[in-house]
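Fold and contact review
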Amino acid sequence: LTNDETRSFGFRAAAVFRGVCPELISLPPMEAEFAKLFTNTYRYLHFAISNQFYTLAGSAGLDYHRIREAMMRNYPRIGDLPRPGLTAGPCLYKDTLQLVAFSGNSFKLGHEAVQVNEGLPFLIVSDMARRWDLTKLRVGLLGMAFKADSDDARSSLSYKLKKLLSFRAKEVLTTDPYVQGDPDLLPLAAVLRRADILVLGAPHTAYRRANLRGKPLVDIWNTRPAR
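A brief look at the structure comes next.

Rules behind the numbers
Residues numbered from 1 in each chain as written. Predicted model: local features only at pLDDT ≥ 70, side-chain atom pairs only at ≥ 80, totals over all residues. Heavy atoms only, no water. Core = buried A, V, L, I, M, F, W, Y, C linked by side-chain atoms within 4.5 Å. Buried < 20%, exposed > 50% of the residue type's maximum accessible area, 1.4 Å probe, protein only. Helix = DSSP H or I, 4+ residues; strand = E, 2+ residues; numbered from the N terminus. Contact = heavy atoms within 4.5 Å. Patch = residues over 30% accessible without salt bridge, like charges linked within 9 Å, V, L, I, M, F, W, Y side chains within 5 Å. Areas by Shrake-Rupley, 256 points an atom, 1.4 Å probe, with all protein chains shown as cover. Salt bridge = Lys/Arg side-chain N within 4 Å of Asp/Glu carboxyl O. 1 Å grid on protein atoms, 1.4 Å probe; cavity = no way out; pocket = protein on both sides within 12 Å on 5 of 7 lines; lining within 4 Å. Points joined across faces, edges and corners; volume = space filled by probe spheres on them.

1. Section: the nonpolar core
Core analysis: the biggest nonpolar cluster contains 37 residues, and Ile 124, Met 128, Leu 134, Leu 161 and Leu 165 have the highest contact counts within it. Sorting the residues of this core by element identifies helix 5 (108-131), strand 1 (138-142), helix 6 (157-168), strand 2 (171-175), helix 7 (188-194) and strand 3 (197-200) as the ones contributing at least two each. Aside from chain neighbours lying at most four places away, what touches Leu 134 is Val 125, Met 128, Ala 129, Val 139, Leu 165, Arg 168, Ala 169, Lys 170 and Ile 197.

Structural data, given as structure tokens:
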């Protein structure tokens, strides 16, 4: 596009968004694109920090969720520290990798964040294998979307978790109240009946108080209420 065509397109786009947005911020196209990439990457890095802390605490035999709660209590500087959990989806991961590629692989923070977040399913399965003989057990995976209360399964790490578990467990059963088009999904009741161990793949609200029939639950988010 020529400069005049770019400006014309910008004016038309602004006219559309002015009707739905409380505020418009005008930037040249490249600056606007970098603002989007930086925003998504910053969020992805936040999740990576929490996931790395979770891994470090676990390697020391400690409860990261208790540590995190103590860190955040009455200390607003760290109030935006997210819970650990499977971090995926089509934007955060992709945009972080775009910056890694743009930098000629010199954006070390972004590269390491990808390694931490994408490696979390391996950590979960390894921890489970140390606790149980998975070859004799059916694992129920609750939630296949990439985030809570969504039907979007794009780039969901629940599917990586499913694949890894399929090499270790006797059987892997999956369920999700929102995701469509996956022929392997079963009703929640069927998974709860047949599974020996449960893993929270996506922290959907529907699972927070579901009756899990006393079966062990691997919940990296720590979303279940205390009993």
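2. Points about a nonpolar patch on the surface
The grouping of Val 16, Phe 17, Val 20 and Leu 24 at the surface amounts to a nonpolar patch, some 390 Å² of accessible area in total. If you trace the backbone, Leu 24 turns up in the loop between helix 1 (3-17) and helix 2 (29-59).

3. A closer look at empty space enclosed by the protein
Over the atoms a probe the size of a water molecule is rolled, and this reveals where empty space is left. A complete count under the given rule lists two cavities of 30 Å³ or more for this structure. Roughly 50 Å³ of internal volume is contained in the largest cavity. Lining the largest cavity are Leu 142, Leu 200, Pro 203, His 204, Tyr 207, Arg 208, Leu 212, Leu 217, Thr 223 and Arg 224. Around the second largest cavity, the lining residues are Leu 86, Ala 88, Ala 145, Phe 146, Lys 147, Ser 156, Leu 157, Ser 158, Gly 201, Ala 202, Pro 203 and Trp 221.

4. Quick notes on unusual backbone geometry
You will see that Asn 74, though not glycine, has its phi angle at about 55°, which is positive. Within the fold, Asn 74 resides in the loop between helix 3 (64-72) and helix 4 (92-102). On the basis of relative accessibility, which here comes to 74%, the residue Asn 74 falls in the exposed class. Phi at Asp 149 takes a positive value of approximately 55°, unusual for a residue other than glycine. Taking the relative accessible area as the measure of exposure, Asp 149 reaches 39% and is therefore partly exposed.

5. Concerning the pattern of salt bridges
Two side chains carrying opposite charge are able to pair once their charged atoms lie near each other. Tallied over the entire structure, the rule returns 12 salt bridges. With a shortest N-O distance of 3.8 Å, Lys 136 and Asp 133 are connected by a salt bridge. Overall, the relative accessible area of 59% leaves Lys 136 in the exposed class. Residue classification places Asp 133 among the partly exposed positions, given a relative accessible area of 39%. The salt bridge partner of Asp 152 is Arg 154, with a shortest N-O separation of 2.7 Å. Residue classification places Asp 152 among the buried positions, given a relative accessible area of 17%. Through salt bridges with shared partners, a single network forms among Glu 33, Lys 36, Lys 94 and Asp 95.

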